[in-house]
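# Topology and contacts: notes
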Amino acid sequence: MVKVWQKPESLTDKVLHYCPGCTHGIIHKITAEVMDELGIREETIGVAPVGCSVLAYNYFNCDMQQAAHGRAPAVATGIKRVHPDKPVFTYQGDGDLASIGAAEIVHAAARGEKITTVFVNNAIYGMTGGQMAPTSLEKQVTTTSPYGRDLDHAGHPIKVSEMLSTLPGAVYIERVSVHDVPHILKAKKAIKKAFEYQLEGKGFTLVEVLSTCPTNWGIDPVESLDWLKDNMLPYYPLGNFRSPEKEGK
Ligand SMILES: Cc1ncc(C[n+]2csc(CCOP(=O)(O)OP(=O)(O)O)c2C)c(N)n1
Ligand code: SF4
């Protein structure tokens, strides 16, 4: 019989708790496939955040450590320094990474920590009820901005990839999306590159993945994919912001 699909070995058999249509599951799957393809599952140490992906340690079939809100890059730094030969990654949402954890990620990148961050930007706090995140778009309605995000009052959404790409310690920064199959394949390639650069000891690597939150956006899963495409892509352009080749590293 021809096998057309196989669950990656780097995912456990636990049923994901994510809402129907949430693209966290897709991002878990492609990250796990990358670990399988690189043959690094047994050595890899992942760091789980707070937020909807707080339970990532139940799903990734590698060693995992939980970090308090936003502290995943600091925890990953400690792990990597103790185990410099092991692949270390953090998996973080935008509330976790760009809000209370903003300093952590900036300094990990500035120090050029040899870790990989999978940064899931769904423009909202998912787990805690859909409050405005640092990445929520102008005019975006959230539970804390019921009339839409007002820039005068709440400031501008933070473009994390652009911001981190100003730091020389960050060797690979790419923004991808998972709103359709061709983009999912590109997202997987980017995550694979990030791990490969880490294995080559190049420096800090981060892949920002534009993701959906149908529950807190208040729209169905299919419309959410369109909402991402129509609203997030214009403000968060996809592409590579920093790579070792460009930096001559
Ligand atoms: C130390 C700590 N502070 C605050 C919280 C509350 N909290 C949990 S999840 C979360 C928001 C996370 O949102 P995001 O990172 O965007 O992830 P998503 O749920 O959207 O995937 C907050 C504020 C917490 N769990 N722990
Ligand atoms: S609340 Fe949003 S981010 Fe969290 S699991 Fe549900 S759809 Fe996904």
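An unreviewed UniProt entry lists the chain under the name Thiamine pyrophosphate-dependent enzyme, with Proteinivorax hydrogeniformans given as the organism.

This brings us to the overall build of the chain. The secondary structure content of the chain amounts to eleven helices and seven strands. Against the compact-globule benchmark of 18 Å for 249 residues, the chain has a radius of gyration of 17 Å, which places it among compact chains. Counting only C-alpha atoms, the chain reaches 50 × 50 × 30 Å along its principal axes. Taken across its 249 residues, the chain has 51% of its residues classed as buried. Summarising the internal contacts of the chain: among those between residues at least 6 apart in sequence, 68% fall at separations of at least 24. Entry remark: accessible area of the chain is about 11100 Å², with carbon and sulfur atoms responsible for 56%. Charged side chains of the chain number 25 positive and 28 negative; the gap between the two group centres comes to 4 Å.

For residues that are not glycine, phi is negative in most cases, and the peptide bond is trans in most cases. The phi dihedral of A123 falls on the positive side, at around 60°, and the residue is not glycine. For A123, the location among the structural elements is in the loop between strand 4 (116–121) and helix 6 (151–154). Residue A123 is classed as buried on the basis of its relative accessible area of 0%. Of note, K139 is a non-glycine position whose phi angle comes to about 70°, a positive value. The class of K139 is exposed, set by a relative accessible area of 62%.

The feature "domain: Thiamine pyrophosphate enzyme TPP-binding" (unreviewed entry), as annotated in UniProt, sits at residues 54–209 in this numbering. With 38% helix and 19% strand, residues 54–209 has end C-alpha atoms that lie 17 Å from one another.

All right, on to the packing of aromatic side chains then. Under the criterion given, the structure shown has seven aromatic pairs. Seen from their ring centres, W217 and W227 are 4.5 Å apart, and the 45° between their planes marks the pair as tilted. With W217 in helix 9 (residues 214–217) and W227 in helix 10 (residues 221–235), this residue pair connects regions lying ten residues apart in the sequence. Relative to Y236, the ring of Y235 has its centre 5.0 Å away and its plane inclined at 90°; by these criteria the two rings are edge-to-face. Judged by its relative accessible area of 0%, Y236 is buried. Sitting over the face of the ring of Y235, K159 holds its NZ or CZ atom 4.3 Å from the ring centroid.

Reading guide: rules and limits
- Residues numbered from 1 in each chain as written.
- Chains lettered and ligands numbered in written order.
- Predicted model: local features only at pLDDT ≥ 70, side-chain atom pairs only at ≥ 80, totals over all residues.
- Heavy atoms only, no water.
- Helix = DSSP H or I, 4+ residues; strand = E, 2+ residues; numbered from the N terminus.
- Rg over C-alpha atoms; globule rule 2.2 N^0.38 Å.
- Buried < 20%, exposed > 50% of the residue type's maximum accessible area, 1.4 Å probe, protein only.
- Contact = heavy atoms within 4.5 Å.
- Areas by Shrake-Rupley, 256 points an atom, 1.4 Å probe, with all protein chains shown as cover.
- Lys, Arg positive; Asp, Glu negative; His and termini not counted.
- Charge placed at Lys NZ, Arg CZ, Asp CG, Glu CD.
- UniProt positions renumbered as here; feature names shortened; annotations may be inferred.
- Phe/Tyr/Trp six-rings, centres within 6.5 Å; stacked < 30°, edge-to-face > 60°.
- Lys NZ or Arg CZ within 6 Å of the ring centre and 35° of its normal.

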